[in-house]
Amino acid sequence: MSEREITYADAIREAMSEEMRRDPSVFFMGEDIGVYGGAFGVSVGMIEEFGPERVRDTPISEAAIIGAAAGAAATGTRPIAEIQFSDFIGIGIDQLGNQAAKMRYMFGGHATVPMVVRAPAGSGTGAAAQHSQSQEAWYCHIPGLKVVTPSTPYDAKGLLKAAIRDDNPVVFLEQKLLYRKKGPVPEGEYTIPLSKGDIKREGKDLTIVTWGRMVPMVLDVAEKLAAERNYSIEVVDPRTLMPLDAQLIIDSVIKTGRAMVVHEAVKTGGYAGEIIATICDSEAFFYLDAPVRRLAGLDVPIPYNPELERNAVPTPETIEKNILDLLD
Amino acid sequence: MTKEKRAGKPDLSVDKLQDMYIKMLYTRKFEEKVAYFFSRGMVHGTTHLCIGQEASAIGAIAALEEGDWMAATHRGHGHTIGKGLDLKPMMAELLGKSTGFCRGKGGSMHIADITKGHLGANGIVGGGIPIATGAGLSVKLRGEEKAVLCFFGDGAINQGTFHESLNMASVWNLPVIYLCENNQYGMSMSQKRATNVDDLSLRAHSYGIPGVRIDGNDIFTVYETVKTAREHVLKQGPYLIIAETYRFMGHSKSDANKYRTKDEINQWKEKDPIPRMRRYLEERKIFSAAELDAIEQKATADIEEAVEYARTSPDPVPEDLINDVYAG
């Protein structure tokens, strides 16, 4: 039997719909998610099935959306809040970082805040500086939040279902450029734990840790270099950045002896620094044959011009050049 | 001893009147004790006292029903006592003890007990308004006949969260009573300098909801207004109340009062809500002077008992430091 293929956006919709059918306390709110179907069409058709109470169009009020999700979550529901672009989370960052993330700890463990903030991230759509960022490191820096960023339709569905069932606030960063990409997703029920990374490609010469839309890009380069130069590159996708599956990365680096981290987010203060520190703090350090490298977005806002935009973040060319620098 | 019901506007039983009066006394005496602890360096950090504002906290919560929710502010000791939370874990929290409501991790600014409908004091001005709104959404989604009382101050009324939340609650018809305790100042900034609208209840017009301005130092006026508001919100959506009041103490533990005059403070002290209620109860012979003295002695004794409990409670253990960042 051939495996079913659906898009990343379809997988996200399926995850939400399945969880809303399963659990009446789950509901969904955000800007233009109802009849419009969301800015990226992720929720098309959901209002027809679940109605306007559970698929709830909001005013353009990001602080109130995130804060109301926190309040609803603390009082017995499981909200999924869509923020139209992840860049807009900044408008509600106090409600996310100061309220939702901290309620449990500062109330002495007497609160649970089971909410998901879903938001599209990343550049490549010509939307310029305020609609194109990759801010995952911001959220990883706030204890109490979990941070997830899937790279395939299969992962998107299983991780989102797990995120909705999780008793913590989860920031679920979707990849705009992957929404229309198809991949195998089985019909049946499954979840992916929010603590397990995935080896997307096995190899023995070099470990590349990467996530989001950089995963397919790195995989393409790895295939090319395997064909052209017989390089064996292992690609590790943490999938969940907080909490990080550090052991998976450490074990891979012990095996390959070389490591590189690739992310779209700007380099300075980026999550690559954290991953590299994790490698260097571990026994993997003694297996390293070369300095650990990071390839990340330039320290610039995302520009509008298509060529400038493309070159503001890692490209197949820069990924290949960095691999060759390490392996040649 | 059975007493006849008090003649007058609110139809309150003698027990209810006694409960309201003693909760105002608890609040005053709790805070006087806290102020003493701070002056002697016996507790660290900071605290915000509501001495002078007890009527708005106690009167408003007295009008709630079992199962209603309440969101407090950084000046929240009266809110917590009003909601009927035990004085002992409250004082223990102030002293940072493991028996405190937050196991010593929250302190004065984060006292909460979700199980008793207390959504938390809040360290962020206006931070609790979206959370209360979300609690209202949660109640509405479950189809419960419950209301949410959301406290905030005049400082919060100029925050974006106020606007976003009241608008959202209005379009969604949420059962939330928004109660602004206008104590006339932020830290030092007069409300009159912070907004050109003298009557803050006019803000309600922006959201198409009722808004009233009341004497917040008259516990009966506060009670009656919130009672009316509660009936309204269950059927017709949110309600804004501006309770005019005044804090006799500084903003936080240290305050030189440079921004206001002694005359002004003294004028407001004439309207102190506690002697006002006492006069009312005595003049109408609901309680004799001796009975009122006995209530006051009980309040003092209960606070002393809470202090003793807190003092003799254990500190948190080092392992508690890393507990409860995440649920599960």
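On a predicted model such as this, the values are computed, not experimentally measured, just so you know.

Some details on the interface of chain B and chain A
And then number 1: With 37 residues of chain B in contact, the opposing surface of chain A contributes 35 residues.
And then number 2: Sorting the residues of the side of chain B that touches chain A by element identifies α5 (128-142) and α6 (160-171) of chain B as the ones contributing at least two each.
And then number 3: Among the elements that take part in the side of chain B that touches chain A, α5 of chain B stands out by supplying nine residues, more than any other.

Observations concerning α5 of chain B
All names here are of chain B.
And then number 1: In this model, α5 (15 residues) spans 21 Å end to end at C-alpha, consistent with the 21 Å of a helix rising 1.5 Å per residue.
And then number 2: Counting buried positions over the 15 residues of α5 gives 13, a clear majority of the element.
And then number 3: Downstream of α5 by a residue or two, Gly143 has a phi angle that is positive, lying close to 70°.

Observations concerning the pairing of strand β7 (residues 170-175) of chain A
Residues and elements named next belong to chain A.
And then number 1: The buried count for β7 comes to six of six residues, which makes it a mostly enclosed element.
And then number 2: The alternating pattern of β7 places Val170, Phe172 and Glu174 on one face and Val171, Leu173 and Gln175 on the opposite face, and all of these are buried.
And then number 3: Bridge count for strand β5 (residues 116-121) against β7 is six bridges, and the pairing is parallel. Paired with Arg118 across the bridge in β7 is Phe172.

Concerning the sheet that holds strand β2 (residues 26-30) of chain A
Residue and element names in this part refer to chain A.
And then number 1: Taken in spatial order, the seven strands make up an open sheet running β3-β2-β4-β5-β7-β6-β12, and their pairing is mixed. Two strands bound the open sheet, and with one partner strand each, they are β3 (55-57) and β12 (240-242). In this sheet, adjacent strand axes meet at a mean angle of 20° when their direction is disregarded.
And then number 2: Its contacts with the sheet put helix α2 (residues 46-54) on β2 and β3, and the angle it makes with β3 is roughly 65°.

Observations regarding helix α7 (residues 153-165) of chain A
Two residues of an α-helix separated by three or four positions point the same way, owing to the 3.6 residues in each turn.
Residues and elements named next belong to chain A.
And then number 1: Compared with the 18 Å implied by 1.5 Å per residue over 13 residues, the 19 Å span of α7 between its first and last C-alpha is a close match.
And then number 2: With twelve of 13 residues buried, α7 is to be regarded as a mostly interior element.
And then number 3: Taken as a whole, α7 has its buried residues at Pro153, Tyr154, Asp155, Ala156, Lys157, Gly158, Leu159, Leu160, Lys161, Ala162, Ala163 and Ile164.

Some thoughts on the nonpolar core
And then number 1: Counting 197 residues, the largest nonpolar core has Val117 of chain A together with Leu149, Cys150, Ile177 and Ile241 of chain B as its most contacted members.
And then number 2: Here this core gathers at least three residues from each of two domains, domain 1 (5-184) and domain 2 (198-327) of chain A.
And then number 3: Contacts of Ile177 of chain B, omitting those with residues within four sequence positions, involve Ala147, Val148, Leu149, Cys150, Val226, Ala229, Arg230, Val233, Tyr239 and Ile241 of chain B.

Quick look at the environment of Leu95 of chain B
All names here are of chain B.
And then number 1: Its place among the elements puts Leu95 in the loop between α4 (87-94) and α5.
And then number 2: Of the residues examined, Leu95 has 21 C-beta atoms within 10 Å and is grouped as buried.
And then number 3: Along the sequence, Leu95 and Asn122 sit 27 residues apart, while their C-alpha atoms lie 18 Å from each other.

A word on the sheet that holds strand β9 (residues 198-201) of chain A
Residue and element names in this part refer to chain A.
And then number 1: The strand order across the open sheet formed by five strands is β9-β11-β10-β13-β14, and the pairing between neighbours is mixed. This sheet does not close on itself; its edge strands, each paired only once, are β9 and β14 (293-297). Adjacent strand axes in the sheet meet at a mean angle of 25° when their direction is disregarded.
And then number 2: Taken strand by strand, helix α10 (residues 271-280) contacts β10 (206-210), β13 (259-266) and β14, and its axis lies near 160° from that of β13.
And then number 3: Strands in contact with helix α12 (residues 316-327) are β10, β11 (233-237), β13 and β14; relative to β14, the strand with the most contacts, it is inclined by about 170°.

Remarks on the domain arrangement of chain A
Residues and elements named next belong to chain A.
And then number 1: Domain boundaries in chain A define domain 1 (5-184) and domain 2 (198-327).
And then number 2: One C-alpha centre belongs to domain 1, the other to domain 2; they are set 26 Å apart.
And then number 3: With 25 residues of domain 1 in contact, the opposing surface of domain 2 contributes 27 residues.
And then number 4: Residue assignment for the side of domain 1 that touches domain 2 shows that the elements contributing at least two residues are α6 (136-140), β6 (146-148) and α7.
And then number 5: Across the side of domain 1 that touches domain 2, the residue classes break down as eleven nonpolar, eleven polar and three charged.

Digging into the packing of helix α1 (residues 14-39) of chain B against helix α11 (residues 289-312) of chain B
Residue and element names in this part refer to chain B.
And then number 1: Contact pair α1 / α11: the axes reach a minimum separation of 9 Å and the direction vectors enclose 45°. It follows that α1 is oblique to α11 by the angle criterion. Handedness of the crossing formed by α1 with α11: right-handed. Where α1 abuts α11, its residues Gln18, Tyr21, Ile22, Leu25, Tyr26, Lys29, Phe30 and Lys33 lie against Ile295, Glu296, Lys298, Ala299, Thr300, Asp302, Ile303 and Val307.
And then number 2: Grouping the constituent residues of the contact of α1 with α11 by class yields nine nonpolar, two polar and five charged.

Here is what the cut-offs are and how they apply
- Residues numbered from 1 in each chain as written.
- Chains lettered and ligands numbered in written order.
- Predicted model: local features only at pLDDT ≥ 70, side-chain atom pairs only at ≥ 80, totals over all residues.
- Contact = placed C-beta atoms within 7 Å.
- Helix = DSSP H or I, 4+ residues; strand = E, 2+ residues; numbered from the N terminus.
- Expected span 1.5 Å × (residues − 1).
- Buried ≥ 20, exposed ≤ 12 C-beta atoms within 10 Å, placed from the backbone.
- Pairing = 2+ DSSP bridges.
- Axes fitted to C-alpha atoms, helices over the stretch in contact; angles between N-to-C directions.
- Core = buried A, V, L, I, M, F, W, Y, C linked by C-beta atoms within 7 Å.
- Domains from an automatic or database assignment.
- Nonpolar A, V, L, I, M, F, W, Y, C, P; charged D, E, K, R; others polar.
- Parallel < 35°, antiparallel > 145°, perpendicular 65-115°, else oblique.
- Left-handed = near helix turned anticlockwise from the far one by under 90°.

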